[in-house]
Amino acid sequence: MFTRFTTFINSLKNLGKSYSNQELVRKILRCLPKSWTPKVTAIEEAKDLSTLPLEQLLGSLMTHETIMKNHENVEVKKKKSITFKASKEDSESDEDGDVALITSQSKKFLKSQK
């Protein structure tokens, strides 16, 4: 996203339209998805946007993105292990049910043979 943004801004500069660093930082923060709202709020409150370099903002956003991806991977791994355990228990109960069904059918068969 940052590469496309920079390309777009450079094209505008070539056409005679320039933006201050503060305007560029605010534009990037505004275009982020709603899932990034807590991070945007934290940046706005903790840093002076008029002096925040664009590169520092990019570094902060990339760090946050990496952390979010790591949390998602951990959650997926946890869900997979829980699902595996649940399906294993279900298969054992199915086997018990099958054994009980065979046992009851064989008892009925033996009674009918007597």
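About the cut-offs
- Residues numbered from 1 in each chain as written.
- Predicted model: local features only at pLDDT ≥ 70, side-chain atom pairs only at ≥ 80, totals over all residues.
- Heavy atoms only, no water.
- Helix = DSSP H or I, 4+ residues; strand = E, 2+ residues; numbered from the N terminus.
- Areas by Shrake-Rupley, 256 points an atom, 1.4 Å probe, with all protein chains shown as cover.
- Expected span 1.5 Å × (residues − 1).
- Buried < 20%, exposed > 50% of the residue type's maximum accessible area, 1.4 Å probe, protein only.
- Arc of directions from axis to C-beta.
- Core = buried A, V, L, I, M, F, W, Y, C linked by side-chain atoms within 4.5 Å.
- Contact = heavy atoms within 4.5 Å.
- Axes fitted to C-alpha atoms, helices over the stretch in contact; angles between N-to-C directions.
- Parallel < 35°, antiparallel > 145°, perpendicular 65-115°, else oblique.
- Left-handed = near helix turned anticlockwise from the far one by under 90°.
- Nonpolar A, V, L, I, M, F, W, Y, C, P; charged D, E, K, R; others polar.

Named according to an unreviewed UniProt entry, the chain is UBN2 domain-containing protein originating from Cephalotus follicularis.

Moving on, we get to the overall build of the chain. The secondary structure content of the chain amounts to 4 helices and 0 strands. Counting from the amino terminus, the chain carries its helices and strands in the arrangement α-α-α-α. Surface accessibility of the chain: about 9200 Å² in total, with carbon and sulfur atoms responsible for 56%.

For the rest of this paragraph, the subject is helix α1 (residues 2–14). Its 13 residues place the ends of α1 18 Å apart at the C-alpha level, agreeing with the 18 Å of an ideal helix rising 1.5 Å per residue. Residues of α1 that are buried: Phe5, Ile9 and Leu12. In an axial view of α1, the angular spread of the buried residues amounts to 60 degrees, which keeps them on one side of the axis. Pointing more than 90 degrees away from the buried face of α1 are the exposed residues Thr3, Arg4 and Asn14. Looking one or two residues beyond α1, the residue adopting positive phi is Gly16, at roughly 100 degrees.

Among the nonpolar cores identified, the biggest contains 16 residues, and Val25, Leu29, Ile43, Leu54, Leu57 and Leu61 are the most heavily contacted of them. Listed by contribution, the elements that provide at least two residues to this core are α1, α2 (21–31), α3 (37–46) and α4 (54–113). No other element matches the 4 residues that α2 contributes to this core. Excluding residues within four positions of it along the chain, Leu29 makes contact with Val40, Ile43, Glu44, Leu49 and Leu57.

With respect to the helices and strands, the residue Trp36 is situated in the loop between α2 and α3. For the pair formed by Trp36 and Glu65, sequence separation is 29 residues and the distance between their alpha carbons is 9.2 Å. The residues contacting Trp36, other than those within four sequence positions of it, are Leu61, His64, Glu65 and Met68.

We now examine the packing of α1 against α2. Interaxial distance between α1 and α2 falls to 12 Å at its minimum, and their mutual angle equals 140 degrees. Looking at the two axes, α1 sits oblique to α2. Judged by the twist between their axes, the crossing of α1 over α2 is right-handed. Contacts between α1 and α2 involve Phe2, Phe5 and Ile9 from the first element and Leu24, Lys27 and Ile28 from the second. Grouping the amino acids of the contact of α1 with α2 by side-chain chemistry returns 5 nonpolar, no polar and 1 charged.

A few words on the side chain of Ser60. Along the chain, Ser60 falls in helix α4. Classification of Ser60 as buried rests on a relative accessible area of 17%. In this structure Ser60 touches Lys39 and Ile43, once residues within four positions along its chain are discounted.

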